[in-house]
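Spelled out from the first residue to the last, the chains are:
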Amino acid sequence: MDIDALRDRARSSSGSSSPSHSGSDPRSGSPSSALSLSSTSTVSSDRMGAFFRPVCGRQLNTMNTSYTLPSDRAELKRLDQEHRLVKFVLNANYVGDISEALKATKEKDKRIMDCGTGSGIWCVEVAEQFPTAKVIGVDLAPIQPREVPQNCQFELFDLDGQQLPYPDGYFDVIHCRSVYMGIRNYPLFLRECARVLRSGGLIILAEADTQPLTDNKRLMSPDLAPGWTALWNEYRRGLAMNGFDTTIPTRLRALLQEIPSLKDSIVAQEALVPIGFWPKGSPIKHWKPTPPDRSTLDPVLLTIGQLSWMNMDNLLPALIPHLVSVNGLSEEKASKLVEEAQRDLYYPHLKPFVCWHFAHARKTSFR
């Protein structure tokens, strides 16, 4: 089967194998009331060209040149796929209890922040779920939708090493997903989040480990997946060269424990997520009171594997600007490295996995 056929198989299978959901099921692909989107985003369309720069045929942001994943149409599509993947993994849009965190705040003062909002889809869905709360998504580039719920807005600023431009205790909830590759001082970032979080507020973290893993969280053997392991090891090397700590995803609990106001209520979880079309009942953690029986063919788990595969298929070529601008590879060599990783993705000798790490905590005081 050639590469294009595999991609077609992934797209058709992920649609047909998904269980039927209706109404507010968090694993559905879009907000339940999309026709209600009516107000205009706070991000202006003026001077759009000033926010982007071309690198290796992709569009990257100009605000923080150390963040080297693209900010273009192809990346928006991938981010939406990743969003849907995480919803299937969690059977929810987030970990923690946002409803409870919002209870103590007056209706007009309820606020939720989404750090590194990307496509803005999380903000839109959460704004619809909590119409009395103001949902603010922040990002490096104005790539979010223009038509959003009236209680949703987007703002531009760099989270890396900056004081957040909000007063103490401003937010009830802060959500941060897939942001560590753009934040070199993650402990400082968490301290700033704790500062702008009100007492009793909720912080939610979600990060995927970039280590090449197989079952039981074992590191992949380079002998059996040479292209896959070489690419991820080279990418991690570049992240470290650029000042990013690649151990952040595996240390979310420990990092929260360093914040006095957050250390007493931490819940940390992880999910070893399959990448491919083969899952038929392997164990995976879902945060539900009573997990379903997964001893037989599981269409949800199969869909998770397919969505994870599609996410990776789109992520691999998005790494080329990083490999060229940070690692110093030629564009030809970087493309070859990606092609060899794709070969292991399309024709794996080992079952690949990615480990997603989640943590949430409630702020217990203004310390």
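Residues numbered from 1 in each chain as written. Predicted model: local features only at pLDDT ≥ 70, side-chain atom pairs only at ≥ 80, totals over all residues. Heavy atoms only, no water.

## A look at the overall build of the protein chain
In terms of regular secondary structure, the protein chain is built from 10 helices and 11 strands. The buried share of the protein chain, reckoned over its 367 residues, is 57%. In the protein chain, of all internal contacts separated by at least 6 residues, the share reaching a separation of at least 24 is 75%. For the protein chain, the computed accessible surface area is about 15,600 Å², with 51% contributed by carbon and sulfur atoms. (Helix = DSSP H or I, 4+ residues; strand = E, 2+ residues; numbered from the N terminus. Buried < 20%, exposed > 50% of the residue type's maximum accessible area, 1.4 Å probe, protein only. Contact = heavy atoms within 4.5 Å. Areas by Shrake-Rupley, 256 points an atom, 1.4 Å probe, with all protein chains shown as cover.)

## A look at helix H8 (residues 299-318)
Given a rise of 1.5 Å per residue, 20 residues ought to cover 28 Å, and the 29 Å separating the end C-alpha atoms of H8 matches this to within 8%. Of all 20 residues in H8, 17 are buried, a share of seventy percent or more. Capping the start of H8 is the job of one residue whose side-chain oxygen sits 2.9 Å from the backbone nitrogen of Val300: Asp298. (Expected span 1.5 Å × (residues − 1). Polar contact = N/O pair within 3.5 Å; in protein donor to acceptor, adjacent residues only side chain to side chain.)

## A word on the sheet that holds strand S9 (residues 197-208)
Taken together, seven strands build an open sheet; the order of strands is S7-S5-S4-S8-S9-S11-S10 and the sheet is mixed. The sheet is open, and its two edges are formed by strand S7 (152-156) and strand S10 (267-274), each paired on a single side. Neighbour to neighbour, the strand axes of the sheet diverge by 15° on average, direction disregarded. Relative to strand S5 (residues 134-139), strand S4 (residues 111-115) is paired through five bridges, and the arrangement is parallel. Residue pairing for S5: Arg111 is matched across the bridge by Lys134. (Pairing = 2+ DSSP bridges. Axes fitted to C-alpha atoms, helices over the stretch in contact; angles between N-to-C directions.)

## Here's the deal with the packing of H8 against helix H10 (residues 331-346)
At their nearest, the axes of H8 and H10 sit 9 Å apart, and the two run at 170° to each other. One way to sum up the angle between H8 and H10 is to call them roughly antiparallel. Contacts from Trp309, Met312, Asp313, Leu316 and Pro317 in H8 reach Val338, Ala341, Gln342, Leu345 and Tyr346 in H10. A class-by-class count of the residues in the contact of H8 with H10 yields eight nonpolar, one polar and one charged. (Parallel < 35°, antiparallel > 145°, perpendicular 65-115°, else oblique. Nonpolar A, V, L, I, M, F, W, Y, C, P; charged D, E, K, R; others polar.)

## A few points about the environment of Arg198
Following the sequence through the fold, Arg198 ends up in strand S9. For the pair formed by Arg198 and Ser365, sequence separation is 167 residues and the distance between their alpha carbons is 8.2 Å. In terms of polar contacts, Arg198 uses its side chain to reach the side chain of Asp172, at 2.4 Å.

## Section: the environment of Ala359
On the secondary structure map, Ala359 appears in strand S11 (residues 353-362). Considering only alpha carbons, one finds Ala359 and Val95, 264 residues apart in sequence, at a separation of 7.5 Å. The contact partners of Ala359, leaving out residues within four places of it in the chain, are Val95, Ile203, Ile204, Leu205, Leu252, Leu256, Val267 and Ala268.

## Some thoughts on the pattern of salt bridges
As enumerated under the stated definition, the model contains 16 salt bridges in all. Across the salt bridge formed by Arg58 and Asp72, the nearest N and O atoms sit 2.7 Å from each other. Of this pair, Arg58 sits in strand S3 (residues 58-61) while Asp72 sits in the loop between S3 and helix H2 (73-90), placing them 14 residues apart in sequence. For the pair Arg58 and Asp72, a shared accessibility class is recorded, and that class is buried. Salt-bridge contacts for Arg78 lead to Glu75; the nearest nitrogen and oxygen are separated by 2.7 Å. (Salt bridge = Lys/Arg side-chain N within 4 Å of Asp/Glu carboxyl O.)

## Some points on the side chain of Asn61
Locating Asn61 in the fold gives a position in strand S3. Within the structure, the side chain of Asn61 is placed 3.4 Å from the backbone oxygen of Tyr67, a separation counted as a polar contact. Apart from the residues within four sequence positions on either side, Asn61 is in contact with Phe51, Arg53, Tyr67, Ser71, Leu140 and Ala141.

## Re the packing of aromatic side chains
Per the stated rule, a full pass over the model turns up 11 aromatic pairs. Summarising the aromatic geometry, the rings of Trp228 and Trp232 are spaced 5.9 Å apart at their centres and angled 70° between planes, so their arrangement reads as edge-to-face. One end of the pair, Trp228, and the other, Trp232, are both in helix H6 (residues 226-241), four residues apart, so they sit about a helical turn from each other. Looking at Trp228, the relative accessible area reads 4%, which means it is buried. Residues Trp232 and Tyr235 carry aromatic rings whose centres are separated by 5.9 Å and whose planes lie at 75° to one another, so their mutual orientation is edge-to-face. Of this pair, Trp232 and Tyr235 both sit in helix H6, three residues apart, which is roughly one turn of the helix. For the pair Trp232 and Tyr235, one class covers both residues: buried. By the ring-pair criterion, three or more aromatic residues cluster together here, those being Phe157, Tyr166, Tyr170 and Phe171. (Phe/Tyr/Trp six-rings, centres within 6.5 Å; stacked < 30°, edge-to-face > 60°.)

## So, unusual backbone geometry
Unusually for a residue other than glycine, Cys56 sits at a positive phi of about 55°. Within the secondary structure, Cys56 is located in the loop between strand S2 (52-55) and S3.

## Notes on the confidence of the model for the protein chain
Summary statistics for the protein chain give a mean pLDDT of 86 and a share of 82% for residues scoring 70 or more. Throughout residues 1-43 the model reports pLDDT below 50, and contacts reaching past four residues in sequence, or to other chains, amount to 85 contacts. (pLDDT = per-residue confidence, 0-100.)

## Side note on the nonpolar core
Where a protein is soluble and globular, its nonpolar side chains tend to be buried together. One finds Ile98, Ile112, Ile174, Tyr186, Phe189, Ile203 and Trp228 to be the most contacted residues of the largest nonpolar core, which totals 99 residues. Ranked by residue count, the leading element in this core is H8, at 10 residues. Residue contacts for Ile112: discarding those within four places in its chain leaves Ile98, Leu102, Trp122, Val126, Phe130, Ala133, Lys134, Val135, Ile136, Phe171 and Val173. (Core = buried A, V, L, I, M, F, W, Y, C linked by side-chain atoms within 4.5 Å.)

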